[in-house]
Amino acid sequence: MAWQGIEGHDAVVERFVAAQALGRIAGSYLFIGPPGIGKSTFAQKLAGSLLCRSTGKGLLPCNACSSCVQAKAGRHPDIDIVSKPEDRATIPLETFIGDADHRMREGLCWRLLLRPTMGSRKVAIILDADHLAEEAANCLLKTLEEPPDGAVIVLVGTALERQLPTIRSRCQIVRFRPLTSETVFSILKHETARGTDIGQIQNDDAIKKEPDNDSLLWACAQGSGGSLQRARLLLDPMLAAFRCRLISLLSHRPMHGVELADETKLLLDAAGKEAPVRRARLRIVLESAIDFFRAALRDDLAGEPPCDQVLAELINAWTGGSEEAVVSLRHTLDALDAVNRNANLTIVVDAWTALLEQPRLTQTT
Ligand SMILES: [Zn+2]
């Protein structure tokens, strides 16, 4: 049975269960894995377990003590969660040490020095660790190296190479693997059957539209790249249809960059004016393109056709070759990075599509 309802990460659960049994829970952890697979939910469940007054076997919380009640309600005073504000490119320095007027009298590092309110320790969760600027990271180093008595700090990021070496070297690294399509499918099915408690992962209205059959859920699971978050977004019929269209445009030679740009912008406009929703949509587009180029590469170099049906059908149409796939992949990863740094989305779309249209011209630059 899944640990606290978390599917697909049994190896990580076992690691923490073993560490707790040996009394070796570390002070600083760095969770690494693709977005939308449940790392942040895991961190929060782990925090609840570590703070439970009578944690049971297998690091399971009792779910009855006052600590569990507060943790479950998301308002445990000893669980401190910080993240990158939506309108910022990085986590601001003041998040850790307070603003200029309250240096080390506010902020996460200061709060960690205070005595725990309910239990014996504090747990800090730093989301969006990919967006830790050097100055802010430097303020964290001492706290990571010598966490206050019993404190546990969990940083949550997507890729090891996106973390500063100074942070990496001070944390125990915990890798989370993408979920299998089967796991994503089973979670989606469970959620839709339940009528939709979407849990901790942010989402738009997509999940609320009850999908009519398993084949739709399976297609979303296959197109999710192992990310539950992405699968949930793909339940939006408009996004699912766009994904098929996108792959068809990408595989077509010559590629029509302007067409791709126009259709992508229409998709973003259909999402309304809210920046986070528009950004989430563009991320899905770019991530689907990344899947496509990776699949094209695997097909080209290793002769491994993708198991995703939509990709498998269209990958044969790809005539770009592995070199072009690599260059296009690089441009798409750069575009995704720009989206994550809050760049102007229209500019990102225009630049990305123009570069894809002319990969041979740009690959030597
Ligand atoms: Zn408890």
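The shown structure was predicted, so the numbers you read here are calculated from the model rather than taken from an experiment.

**Some thoughts on the confidence of the model for the chain**
Low-pLDDT portions of the prediction should not be read for the details of their coordinates. Per-residue pLDDT for the chain averages 89, and the proportion of residues at 70 or more is 93%. Here residues 197-208 is a poorly scored stretch, pLDDT under 50, and it has 25 contacts once near neighbours within four places are set aside; other chains count.

**Digging into the packing of helix H12 (residues 257-270) against helix H16 (residues 345-357)**
For the pair H12 and H16, the least separation of the axes is 8 Å and the interaxial angle reads 155°. Taken together, the axes of H12 and H16 are roughly antiparallel relative to one another. Helix-helix and strand crossings are classified by hand; for H12 and H16 the assignment is right-handed. Taking contact as the criterion, the partners of Gly257, Leu260, Ala261, Thr264, Lys265 and Leu268 in H12 are, on H16, Leu345, Thr346, Val349, Asp350, Thr353, Ala354, Leu356 and Glu357.

**A word on helix H15 (residues 321-340)**
Here H15 spans 29 Å end to end across 20 residues, near enough to the 28 Å set by a 1.5 Å rise per residue. Within H15 the residues assigned to the buried category are Glu324, Ala325, Val327, Ser328, His331, Thr332, Ala335 and Val339. Positive phi appears at Asn342, one or two residues downstream of H15, with a value of about 65°.

**Concerning the packing of helix H13 (residues 275-302) against H15**
Across the interface, H13 lies against H15 with an axial gap of 9 Å and an inter-helix angle of 160°. If you check the angle between H13 and H15, you find them roughly antiparallel. Crossing geometry of H13 relative to H15 is assigned as left-handed. Classifying every residue of the contact of H13 with H15 by side-chain character gives 15 nonpolar, four polar and five charged.

Procedures and definitions
What you see as residue numbers is a count from 1 along each chain, following the sequence as written. Owing to the predicted nature of the model, reporting of local features is limited to residues with pLDDT of at least 70; listing and counting of side-chain atom pairs is limited to 80 or more, with chain, interface and lining totals taken over all residues. Per-residue confidence from the prediction method is given by pLDDT, with values spanning 0 to 100. Placing a C-beta atom from the backbone of each residue, one calls two residues in contact when those atoms lie within 7 Å. All axes here are fitted lines through C-alpha atoms, helices being fitted over the stretch that makes contact, and every angle between N-to-C directions spans 0 to 180 degrees. For helices the rule is a DSSP run of H or I covering at least 4 residues; for strands it is a run of E covering at least 2, with both sets numbered from the N terminus onward. Oblique is the label for any angle not covered by the other classes, which are roughly parallel (under 35 degrees), roughly antiparallel (over 145) and roughly perpendicular (65 to 115). In this scheme the crossing of two helices becomes right-handed for a clockwise turn of the near helix relative to the far one and left-handed for an anticlockwise turn of less than a right angle. Here, expected helix span is obtained from the residue count minus one, scaled by 1.5 Å. Here a residue counts as buried when 20 or more other C-beta atoms fall within 10 Å of its C-beta, as exposed when 12 or fewer do, and as partly exposed in between; the C-beta atoms come from the backbone. When residues are sorted by character, Ala, Val, Leu, Ile, Met, Phe, Trp, Tyr, Cys and Pro go into the nonpolar class, Asp, Glu, Lys and Arg into the charged class, and all the rest, Gly among them, into the polar class.

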